[in-house]
Every structure is written in C-alpha cells, then in structure tokens.
Amino acid sequence: GLFPLFGTSIGLAAGSIGLLLALQSITNGLSRVPLGRVIDRRAILPVAAAVGCIGYSVATSLLGIQTGPLGIAAVFMIGILALAFTLMMIQVVISERAPAALRATGLGGYTTALSAGLGIGPFMAGSVAQGSGFGIGFGSVAAAGAVTAVVAAVLLLGARRVAR
C-alpha cells in the first residue's frame, strides 16, 4: 500500500511505520473471532456490509490528514474494525445466499474484486497524491469506496439473513 510512503513523508521512522502496520494487523486478527460471533448470533442485515464499507472509507479519508503516530493508530484501528466487519459480512452473505452449486464461484468473484481493489486503490491514491498530496490521494480512494458501498447498499436493500 501507499502508507509507508505517506509515513516517511510526515517524518515517521521505518520502525514506527512497521509498528503501526503491526498494530493494524494485530487489531485485524484480534477482531475477527468476536466480530464473527456477533455476526453469527444476530440477524444483521446484509446492507450492513455496505455501511461498514462506508465506515472504512471515512477512516481512509482521515488517514491522509494525520500528522503523527497516535492519530494514525486510531484511524488504523477504527478503519480495520470496519473493514474486518465488512469483509466478513460479504463472505457470510455470499455463503448464505448463493446456491450451494455456485457458492465457491461467488466467493471467487468476491476475492477477485477484492484483489482488483487492492491493486487499483494504491495506484489511484499514488497517482493523485503525486500531484495533489496524500490527503487528497487517500480521499479519492475513500470516495471511490463510498460510491461502491452505495451501489452495494442499493443492491442489498431488503435482503435478509437469519441468526444462528
């Protein structure tokens, strides 16, 4: 991703950048089981995945205006919680709603779209950041994510799932 370049541009040392990325990964790992438990036990509407994506978009837009490690850590932790929830909800919705014969195909399509986003996002943010700064670079990716989330929300509106 683009974060290490951003981090060095605001004067963070390589060790601080590594520590912040580790914090993000640890938050992600520690959040998955509790979030999974909540998702499994509640009839959370599928449209909540789109809401989580908007939350992650907001966090991404805030990243580019941070000036120090504490703000970055807060944005990373909040953002990764929204992202973890979103990704898990998408997988659950596909698994519950896709016919058994197409479940793996649906999950394959999901991971293909996810991988495309992981490639397009840094390219887009980097291209914009080069001319306009990291704040606008991260903001442009956040805006694209929010637009995608709104389209997903429209498609998921009215869909239901059952608590286990």
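Thresholds applied
- Residues numbered from 1 in each chain as written.
- Predicted model: local features only at pLDDT ≥ 70, side-chain atom pairs only at ≥ 80, totals over all residues.
- Heavy atoms only, no water.
- Helix = DSSP H or I, 4+ residues; strand = E, 2+ residues; numbered from the N terminus.
- Axes fitted to C-alpha atoms, helices over the stretch in contact; angles between N-to-C directions.
- Left-handed = near helix turned anticlockwise from the far one by under 90°.
- Nonpolar A, V, L, I, M, F, W, Y, C, P; charged D, E, K, R; others polar.
- Core = buried A, V, L, I, M, F, W, Y, C linked by side-chain atoms within 4.5 Å.
- Buried < 20%, exposed > 50% of the residue type's maximum accessible area, 1.4 Å probe, protein only.
- Contact = heavy atoms within 4.5 Å.
- Phe/Tyr/Trp six-rings, centres within 6.5 Å; stacked < 30°, edge-to-face > 60°.
- Patch = residues over 30% accessible without salt bridge, like charges linked within 9 Å, V, L, I, M, F, W, Y side chains within 5 Å.
- Areas by Shrake-Rupley, 256 points an atom, 1.4 Å probe, with all protein chains shown as cover.
- Salt bridge = Lys/Arg side-chain N within 4 Å of Asp/Glu carboxyl O.
- Expected span 1.5 Å × (residues − 1).

S.K.: When you look at the environment of Thr148 in this model, what are you seeing that I'm missing?
M.R.: Position of Thr148 among the secondary structure elements: in helix α6 (residues 134–156). As a C-alpha pair, Thr148 and Ile78 span 70 residues in sequence and 20 Å in three-dimensional space.

S.K.: Can you walk me through the packing of helix α2 (residues 14–41) against helix α4 (residues 69–97) in this structure?
M.R.: Between two packed helices, both the angle of their axes relative to each other and the distance between the axes serve to describe the pair. Interaxial distance between α2 and α4 falls to 8 Å at its minimum, and their mutual angle equals 40 degrees. The hand of the α2/α4 crossing is right-handed. Grouping the constituent residues of the contact of α2 with α4 by class yields 18 nonpolar, five polar and one charged.

S.K.: For this particular structure, what's the right way to read the nonpolar core?
M.R.: Nonpolar side chains in soluble globular proteins tend to be buried together. Residues Phe3, Phe6, Leu12, Leu20, Leu63, Ile72 and Phe76 are the most contacted members of the largest nonpolar core, which totals 14 residues. For this core, the secondary structure elements donating two or more residues are α1 (3–9), α2, α3 (48–63) and α4. Per element, the largest residue contribution to this core is four residues, and it comes from α4. In this structure, Leu12 is in contact with Phe3, Gly7, Ile17, Leu20, Pro69 and Ile72, ignoring residues within four places of it in sequence. Formed by eleven residues, the second largest nonpolar core is a distinct cluster that contains Ile39, Ala48, Ala49 and Ala84.

S.K.: Looking at this structure, I do not really get the side chain of Thr27. What am I missing?
M.R.: Here Thr27 is to be found in helix α2. Residues contacting Thr27, with those up to four places away along its chain left out, are Met77, Ile80 and Leu81.

S.K.: Teacher, can you tell me more about the packing of aromatic side chains here?
M.R.: Each aromatic ring pair is characterised by the separation of its centres together with the angle its planes make. Applying the stated criterion to the full structure yields five aromatic pairs. Three or more aromatic residues joined by ring pairs make a cluster, and in this case those are Phe3, Phe6, Phe76, Phe134 and Phe138.

S.K.: Just checking my understanding: could you explain a nonpolar patch on the surface for this structure?
M.R.: Among the surface-exposed residues, Ile54, Val58, Leu62, Ile65, Val150 and Val154 lie close enough to one another that they form a single nonpolar patch of about 510 Å² accessible area. Only α3 and α6 provide two or more residues apiece to the nonpolar patch. The residue Val150 is located in helix α6 in this model.

S.K.: Any chance you could explain α6 here in plain terms?
M.R.: Helical periodicity: at 3.6 residues per turn, an α-helix aligns residues three or four positions apart in one direction. Between its first and last C-alpha, α6 extends 32 Å over 23 residues, near the 33 Å set by a 1.5 Å rise per residue. All of the buried residues in α6 are Gly137, Phe138, Ser140, Ala142, Gly145, Ala149 and Ala153. Buried residues along α6 sit in contact with α1, α3 and α5 (103–132). Gly158 occupies a position one or two residues after α6 and carries a positive phi of about 90 degrees.

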